[in-house]
Amino acid sequence: APQLQEIIKLGNAINNKNEEVHINQAVNQITARYNMASNLINTIMDRLIDYGQRYADYNEANNKFTTWLNETKANTDKMSKASPSKIQLNDLKVLLNQIVNRFDELKNLNDKGESLYTGIAVESREAIRKNLKQLRNTYESMHKKLNSLIKKLDSDISQKASIEENHEQIKQWLSETS
């Protein structure tokens, strides 16, 4: 720092004129205190920059996952209202696989949110907890809903196939008896 260098030069000049003044001790104390304060400020700044980056990463991951979750929830709701078919069953199974594959992303988002707890106020910590809990609940309810839709659709398709088979047998029996 330029001011510190000026103090050191001034101390040396005074010491050269009068060595009994002990100015070097005072300059060394000032230099040590300055270096300590400078190191502390640099450490704090590094931590703030790191925290800012982690917070930005969390927000980006949260926005990305929330967008995907809302789109997937809308698709799930749309599919649950449609009439049953084999094509829909396959679509639901694909959607369920996508949801299962995104579990690690949800877990990673949760870890990122929890890693921020130590550096934020209690209110912000609770807001992050509430958001993560809401995402987990939506994710889990969607997963359960898709599983139940797949089971119901699978059962309906099996019943329909059984009815069609019985219908064909009755038709064949009637044609043989006539």
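For the structure itself, look to the data block above.
Model, not experiment: these values are computed from the prediction. Residue numbers restart at each chain and count upward from 1, following the sequence in its written direction. The predicted nature of this model means local features are confined to residues of pLDDT at least 70 and side-chain atom pairs, given and counted, to a pLDDT of 80 or more, with totals for whole chains, interfaces and linings taken over all residues. The basis for every side-chain value is the complete set of heavy atoms in the structure, and neither hydrogens nor water enter the calculation.

**Student:** What's the story with the layout of surface pockets in this structure? I'm lost.
**Tutor:** The method is simple in principle: a probe with the dimensions of a water molecule rolls over the atoms, and the space it marks as empty is what remains. Estimated volume of the largest pocket: approximately 170 Å³. Lining the largest pocket, in full, are I44, R47, L48, D50, Y51, R54, T118 and G119. Only protein atoms enter the 1 Å grid used here. Points where a 1.4 Å probe fits but cannot escape make up a cavity, open sets with protein on both sides within 12 Å along at least five of seven lines make up a pocket, and a residue lines them when an atom lies within 4 Å of a point. Grid points are joined across faces, edges and corners, and a volume is the space filled by probe spheres set on the points.

**Student:** Looking at this model, I keep getting lost on the packing of helix α4 (residues 103-115) against helix α5 (residues 122-177). Mind explaining?
**Tutor:** In a pair of packed helices, the angle between the axes and the distance between the axes together describe the arrangement. Lines fitted to C-alpha atoms define the axes, with helix axes restricted to the stretch in contact, and inter-axis angles between N-to-C directions lie between 0 and 180 degrees. Secondary structure elements are defined from DSSP: runs of H or I of at least 4 residues count as helices, runs of E of at least 2 residues count as strands, and each element is numbered from the N terminus. Direction vectors running N to C along α4 and α5 enclose 170 degrees, while the axes themselves pass 10 Å from each other. Between α4 and α5, the interaxial angle falls into the category roughly antiparallel. On α5, the residues touching F103, L106, L109, N110 and G113 of α4 are I128, L132, L135, R136 and Y139. A breakdown of the residues in the contact of α4 with α5 according to their chemical character gives 7 nonpolar, 2 polar and 1 charged. Any angle that is under 35 degrees is reported as roughly parallel, and any over 145 degrees as roughly antiparallel; angles of 65 to 115 degrees are reported as roughly perpendicular and all others as oblique. Any two residues whose heavy atoms approach within 4.5 Å are treated as being in contact. Any residue outside Ala, Val, Leu, Ile, Met, Phe, Trp, Tyr, Cys, Pro, Asp, Glu, Lys and Arg is labelled polar, Gly included; the first ten of those are nonpolar and the last four are charged.

**Student:** Would you mind going over the packing of aromatic side chains with me for this structure?
**Tutor:** The description of an aromatic ring pair rests on the distance of the ring centres and on the angle between the ring planes. The aromatic pairing rule takes the rings of Phe, Tyr and Trp, using the six-membered ring of Trp, and pairs them if the centres are within 6.5 Å, calling planes under 30 degrees apart stacked, those over 60 edge-to-face and the rest tilted. Taken as a whole, this structure holds 5 aromatic pairs when the rule is applied. Ring plane angle 40 degrees and centroid distance 6.5 Å describe the contact between Y55 and Y58, whose orientation is recorded as tilted. Placement of both Y55 and Y58 in helix α2 (residues 23-81) is noted, with a separation of 3 residues, approximately one turn of the helix. Taking 6.4 Å as the distance between ring centres and 35 degrees as the angle between the ring planes, the aromatic pair formed by F65 and Y139 counts as tilted. Of this pair, F65 sits in helix α2 while Y139 is found in helix α5, placing the two residues 74 residues apart along the sequence. The pair formed by F65 and Y139 is uniform in burial state, with each residue classed as buried. Through a chain of ring-to-ring contacts, the aromatic side chains of F65, W68, F103 and Y139 assemble into a single cluster. The ring of Y117 has R129 sitting right over it, with the charged end atom 4.5 Å from the ring centre. To sort residues, take the accessible area from a 1.4 Å probe on protein chains only and compare it with the maximum for the residue type: under 20% means buried, over 50% means exposed, and anything in between is partly exposed. Working rule: Lys NZ or Arg CZ, within 6 Å of ring centre, within 35 degrees of ring normal, means a charge sits over the ring.

**Student:** Whenever I open this one, the packing of helix α1 (residues 2-17) against α2 confuses me. Can you help?
**Tutor:** Between α1 and α2, the shortest axis-to-axis distance is 9 Å and the interhelical angle comes to 170 degrees. One element, α1, and the other, α2, form an angle in the roughly antiparallel class. Between α1 and α2 the crossing geometry is left-handed. Residues L4, I7, I8, G11, N12, I14 and N15 of α1 form the contact with α2, whose own contacting residues are I23, N24, V27, I30, T31 and Y34. When grouped by side-chain class, the residues that make up the contact of α1 with α2 number 8 nonpolar, 5 polar and no charged. The handedness criterion is simple: a crossing whose near helix is rotated anticlockwise from the far helix by less than a right angle is left-handed, and one whose near helix is rotated clockwise is right-handed.

Shape is all these values report; function is a separate question.
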